[in-house]
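Chains, contacts and geometry: an overview
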Amino acid sequence: MQSSSIGGKVRHKDKVGPDQGRIIFGSSDLDVDFPGESTREDELLRSEISVDLKRDIWVFILKKPKDAASKGIFDLLLRFLLKSEVNIVLEEETYEEVMNEPIEFEVGSQVKILDEEAKRTLDFLILLGGDGTILRASSFFVEIPMPPALTFKLGTFNFISIFRPEEAIARVTAVLQLVSQQKRIPFKPLMRLRAEISSKEKKHVFTALNEILIDRGSRVQAVSLDIDIKGQRLANVTGSGVIISTPTGSTAFSLSAGGSILHPKVYYLFSSMLA
């Protein structure tokens with residue numbers, strides 16, 4: 001696997017490939033000296049501040065549609081980013097929610113629906129939710145690298161998410177400044193899997209941050225599967241199927257199937273057989 005760097009318009013020496021997700025983590029580069037504590041009231045005041053940016057920046061904000069838990073912080077971030085003339089990309093359902101509400105747009109900013117063209121202009125992602133929101137964000141980027149993701153804990157499971165919602169404006173401000181100055185964003189790479197299913201008619205391509213499951217489907221009989229690595233036979237398994245897991249996914253369905261837990265920094269795949 002390759003190490004990767006920030007996508008979008010910023011260029012760095014690190015190689016970027018579609019086989020990784022990237023989660024922005026806390027470091028001194030993301031510390032912003034704001035007065036007050038990290039409380040809801042302070043975030044409301046900070047959202048009225050704008051950041052002076054040196055170039056156009058595109059940010060994709062993803063949340064659960066019509067989700068009350070993330071609505072408040074989403075509105076604060078939207079107001080803050082628009083005041084800073086940041087271009088915002090939204091999922092279609094979230095876009096329609098925003099368009100149905102009274103909102104002031106700055107002259108220099110745009111709000112648009114996520115499409116293939118928009119995906120290639122993104123500088124980073126803001127994810128409001130839990131681990132499921134991160135997995136969902138990864139699914140949008142199949143053929144291209146997933147941009148660095150700034151994650152906030154607003155879900156049921158927050159194993160991958162990094163920051164508290166109360167830190168949102170401060171952390172987003174820090175990342176905006178780094179991108180504007182074309183400096184490297186601190187992130188940790190997450191291995192992703194790529195699967196191709198080919199037939200005579202067409203080829204389907206999938207990416208997965210957790211795991212890929214190959215099972216017998218509606219068949220009653222067990223299936224026999226050959227597992228090869230670079231043309232070399234690794235194993236033949238007979239059963240209901242097999243789970244191919246990343247280190248991130250080793251704590252998910254693979255663990256339930258009796259698999260081992262892999263450290264996130266270990267770049268190995270794990271195979272679990274379903275009896």
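Residues numbered from 1 in each chain as written. Predicted model: local features only at pLDDT ≥ 70, side-chain atom pairs only at ≥ 80, totals over all residues. Heavy atoms only, no water.

1. Looking at the nonpolar core
Short version of the rule: We call a set of buried Ala, Val, Leu, Ile, Met, Phe, Trp, Tyr and Cys residues a nonpolar core when their side-chain atoms join them within 4.5 Å. Three exposure classes are used, based on accessible area relative to the maximum for each residue type with a 1.4 Å probe and protein chains only: buried under 20%, partly exposed in between, and exposed over 50%. Runs of E in the DSSP output that reach at least two residues are strands. Runs of H or I that reach at least four are helices, and both are numbered from the N terminus. Two residues qualify as a contact provided that any one of their heavy atoms is within 4.5 Å of a heavy atom in the partner residue.
In terms of nonpolar packing, the biggest core is built from 34 residues, with I61, L81, I126, L128, V172 and L176 touching the most fellow members. Elements represented by at least two residues in this core include exactly strand 2 (58–63), helix 2 (68–83), strand 3 (87–90), strand 5 (124–129), strand 6 (149–153) and helix 6 (168–180). Counting residues per element, this core draws most heavily on helix 2, at eight residues. Discounting residues that sit within four places of it in the chain, L128 has contacts with I61, L62, K63, K64, S70, I73, F74, L77, T133, F152 and L154. Counting residues in hydrophobic clusters, the runner-up holds 20 residues, among them I23, W58, V89 and L190.

2. Here we look at unusual backbone geometry
As a rule of thumb, non-glycine residues mostly have phi less than zero, and peptide bonds are mostly trans rather than cis. We note that E85 has phi near 60°; this positive angle belongs to a residue other than glycine. Following the sequence through the fold, E85 ends up in the loop between helix 2 and strand 3. Residue E85 is classed as partly exposed on the basis of its relative accessible area, which comes to 39%. You will see that Q182, though not glycine, has its phi angle at about 55°, which is positive.

3. Focus on the pattern of salt bridges
Note the following rule: For this document, the term salt bridge refers to a Lys or Arg side-chain nitrogen within 4 Å of an Asp or Glu carboxyl oxygen.
In the structure shown here, the tally under the stated rule is 13 salt bridges. The residue D226 makes a salt bridge to R233 at a minimum N-O spacing of 3.5 Å. We classify D226 as partly exposed; its relative accessible area is 46%. Within this structure, E143, R194, E196 and K203 form a network of salt bridges that share partners.

4. Some details on the sheet that holds strand 14 (residues 270–274)
What counts is decided by this rule: Two strands make a pair as long as DSSP finds a minimum of two bridges between them. Angles here are taken between N-to-C directions and fall from 0 to 180 degrees, while the axes themselves are lines fitted to C-alpha atoms, restricted in helices to the stretch in contact.
One open sheet accounts for three strands, arranged 10-13-14; its pairing is antiparallel. Each edge of the sheet is formed by a strand with only one pairing partner; in this case those strands are strand 10 (211–215) and strand 14. Going across the sheet, the axis of each strand differs from the next one's by a mean of 15°, ignoring polarity. Relative to strand 14, strand 13 (residues 241–245) runs antiparallel, the two sharing five bridges. Of the residues in strand 14, the one forming a bridge with S245 is F270.

Everything listed here is a matter of coordinates, which is why it stays silent on function.
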